[in-house]
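Reading the structure
Spelled out from the first residue to the last, the chains are:
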Amino acid sequence: DVGADINSRIRYGVTPLLVACAMGHLELVSTLLERGADPAMRDGDAWTALVTGTRHVAVIQMLLKDGRVPVSARCMGRTALWWACCRGYTETPRV
């Protein structure tokens, strides 16, 4: 910890947590959440951590357990559940 902003944004408004969720890096997601990363932040296209992590069941479980993720948040008018179903991620809706 060297004082960097855990919620800093890179190109297109992406945060470290959004990237970790999208890639399914469970340990990194856990570390970022523990250090204060905001799971409600959206990128430039309004994608949330829950939406970017839809193909990774363990990531979704961790985000939901954290309790700070807005489950009803919409990305392009659709919820994370819709995105998971649309993409064919059959395990995610069971969480």
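See the structure above.
Figured I'd write up the structure that's included with this text. Here the structure is a predicted model, which means the values were calculated and not measured.

A closer look at unusual backbone geometry
Comment: phi is negative for the bulk of residues other than glycine, and the bulk of peptide bonds are trans. Unusually for a residue other than glycine, Tyr-12 sits at a positive phi of about 65°. Classification of Tyr-12 as exposed rests on a relative accessible area of 58%.

Concerning a nonpolar patch on the surface
Among the surface-exposed residues, Ile-10, Val-19 and Met-23 lie close enough to one another that they form a single nonpolar patch of about 290 Å² accessible area. Of note, Ile-10 is situated in the segment before α1 (16-23).

Considering helix α4 (residues 57-66)
Because each turn of an α-helix spans 3.6 residues, side chains separated by three or four positions end up pointing in the same direction. Taken together, the buried positions of α4 are occupied by Val-59, Ile-60 and Leu-63. All buried residues of α4 project into a common sector of 100° when viewed along the axis, lining one side. Buried residues belonging to α4 abut α1, α2 (26-34) and α3 (49-52). Phi turns positive, to about 85°, at Gly-67, one or two residues after α4.

Concerning α1
Restricting attention to buried positions, one finds in α1 the residues Leu-17, Leu-18, Ala-20 and Cys-21. Down the axis, α1 shows its buried residues gathered within 165° of arc, on one side only. Within two residues after α1, Gly-24 carries a phi angle of roughly 75°, on the positive side.

About the cut-offs
- Residues numbered from 1 in each chain as written.
- Predicted model: local features only at pLDDT ≥ 70, side-chain atom pairs only at ≥ 80, totals over all residues.
- Heavy atoms only, no water.
- Buried < 20%, exposed > 50% of the residue type's maximum accessible area, 1.4 Å probe, protein only.
- Patch = residues over 30% accessible without salt bridge, like charges linked within 9 Å, V, L, I, M, F, W, Y side chains within 5 Å.
- Areas by Shrake-Rupley, 256 points an atom, 1.4 Å probe, with all protein chains shown as cover.
- Salt bridge = Lys/Arg side-chain N within 4 Å of Asp/Glu carboxyl O.
- Helix = DSSP H or I, 4+ residues; strand = E, 2+ residues; numbered from the N terminus.
- Arc of directions from axis to C-beta.
- Contact = heavy atoms within 4.5 Å.

Remember, this is a structural readout, not a statement about activity or role.
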